[in-house]
Amino acid sequence: MSDLSAVHIYVDGSCEENRNVTAATPAGWGFAVVVGDTGLGRGRGDIVHESSGPVVTDSGRAGFIGAEVGSNNTAELSAVAHALRWVLETAHEGRVVIRADSQYALNVASGEWRAKKNRALAERAQALWQEVGGICELLGEHVRAHRGHRWNERADHLAFRAMSGEDPLPLQFWKPGNR
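Residues numbered from 1 in each chain as written. Predicted model: local features only at pLDDT ≥ 70, side-chain atom pairs only at ≥ 80, totals over all residues. Heavy atoms only, no water.

A. Expanded view of empty space enclosed by the protein. Following the criterion strictly, the structure yields one cavity of 30 Å³ or more and no others. Around the largest cavity, the lining residues are Trp29, Pro54, Val55, Val56, Gly63, Ile65, Ala67, Ser78 and His82. Considering only residue class, the lining of the largest cavity consists of six nonpolar, three polar and no charged. (1 Å grid on protein atoms, 1.4 Å probe; cavity = no way out; pocket = protein on both sides within 12 Å on 5 of 7 lines; lining within 4 Å. Points joined across faces, edges and corners; volume = space filled by probe spheres on them. Nonpolar A, V, L, I, M, F, W, Y, C, P; charged D, E, K, R; others polar.)

Below is the structure:
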């Protein structure tokens with residue numbers, strides 16, 4: 001059973017084309033912060049914050065955190081990094097669970113795996129993971145993608161719309177699976 005007092009952050013990334021990616025390949029990230037989540041996928045709890053944006057590959061632009069290309073992996077890792085930045089900005093001190101459908105992003109951010117590409121982004125995500133882990137209990141959990149889990153589907157929606165250059169649908173009009 002999940003800890004209902006924890007803050008659960010669902011993260012996801014999106015990239016339409018994941019072959020021959022370049023710095024110009026559109027990719028997006030998104031995350032949804034949920035309180036009162038049971039983790040069972042039925043969408044219990046409430047979103048208290050959500051955020052999304054494009055993967056920025058130009059070091060001279062605002063929002064750049066180290067991605068060299070737009071890809072699914074850079075989008076997933078960017079989502080984790082931006083979620084961790086939110087934890088720091090809000091000075092949250094309770095338990096935080098990052099839930100991702102990308103084992104790659106969780107394992108690279110937590111330092112269990114070493115990135116072969118986009119090392120600056122990986123190092124930034126790892127530094128944020130360590131910093132957040134120093135002020136609160138931080139866990140990463142894998143969620144299966146596209147299985148109807150309400151909050152994972154919301155994070156997917158946020159990332160897809162950011163990649164597409166569109167605003168996300170407001171929560172009251174959005175239905176799981178609706179990109």
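B. View of the layout of surface pockets. The space that makes up the largest pocket amounts to roughly 300 Å³. What lines the largest pocket is a set of 16 residues, and nearest its centre among them are Ser71, Asn73, Tyr104, Lys117 and Asn118. Of all the elements, helix α1 (residues 72-90) adds the most residues to the lining of the largest pocket, at four residues. Split by residue class, the lining of the largest pocket holds six nonpolar, six polar and four charged. (Helix = DSSP H or I, 4+ residues; strand = E, 2+ residues; numbered from the N terminus.)

C. Broad picture of the sheet that holds strand β5 (residues 138-142). Here five strands make up an open sheet; going across it, the order is β3-β2-β1-β4-β5 and the pairing mixed. Two strands in the sheet have a free side with no partner beyond their single neighbour: β3 (46-54) and β5. Strand after strand, the sheet turns through a mean of 20° between neighbouring axes, direction not considered. Across five bridges, strand β4 (residues 96-100) lies against β5 in parallel orientation. Paired with Val96 across the strands is Leu138, a residue of β5. (Pairing = 2+ DSSP bridges. Axes fitted to C-alpha atoms, helices over the stretch in contact; angles between N-to-C directions.)

D. Up close: the environment of Trp129. Relative to the helices and strands, Trp129 resides in helix α3 (residues 119-135). Residues Trp129 and Thr38, 91 residues apart in the sequence, show an inter-C-alpha distance of 23 Å.

E. Representation of helix α4 (residues 150-164) within the structure. When the terminal C-alpha atoms of α4 are compared, their 21 Å separation across 15 residues agrees well with the 21 Å that a helix rising 1.5 Å per residue should span. With respect to burial, α4 is a largely interior element, 12 of its 15 residues being buried. Every buried residue of α4 is listed here: Trp151, Asn152, Glu153, Arg154, Ala155, Asp156, His157, Leu158, Ala159, Arg161, Ala162 and Met163. Where α4 is buried, its residues meet β1 (7-15), β2 (27-35) and β3. Gly165 sits one or two positions beyond α4 and adopts a positive phi of about 75°. (Expected span 1.5 Å × (residues − 1). Buried < 20%, exposed > 50% of the residue type's maximum accessible area, 1.4 Å probe, protein only. Contact = heavy atoms within 4.5 Å.)

F. Structural detail: the packing of aromatic side chains. Counting across every chain of the model gives one aromatic pair. Taking 6.1 Å as the distance between ring centres and 10° as the angle between the ring planes, the aromatic pair formed by Trp29 and Phe31 counts as stacked. For the residue pair Trp29 and Phe31, the accessibility class agrees, reading buried in each case. (Phe/Tyr/Trp six-rings, centres within 6.5 Å; stacked < 30°, edge-to-face > 60°.)

G. Quick look at α1. Under the 1.5 Å per step criterion, the end-to-end length of α1 is 27 Å for 19 residues, consistent within 8% with the ideal 27 Å. Ala91, located one to two residues past α1, shows a positive phi value of around 55°.

H. Region of interest: the pairing of β2. Within β2, eight of the nine residues are buried, leaving the element largely enclosed by the surrounding structure. Bridge count for β2 against β3 is eight bridges, and the pairing is antiparallel. In the strand pairing of β3, Ala32 is matched with Glu50.

I. Region of interest: the nonpolar core. Ile9, Val11, Phe31, Leu77, Leu84 and Ile98 are the most contacted members of the largest nonpolar core, which totals 36 residues. Secondary-structure elements contributing two or more residues to this core are β1, β2, α1, β4, α2 (103-109) and α3. Here this core takes nine residues from α1, the largest share from any one element. Of all hydrophobic cores here, the second largest spans eight residues; its members include Ala32, Val34, Val143 and Leu158. (Core = buried A, V, L, I, M, F, W, Y, C linked by side-chain atoms within 4.5 Å.)

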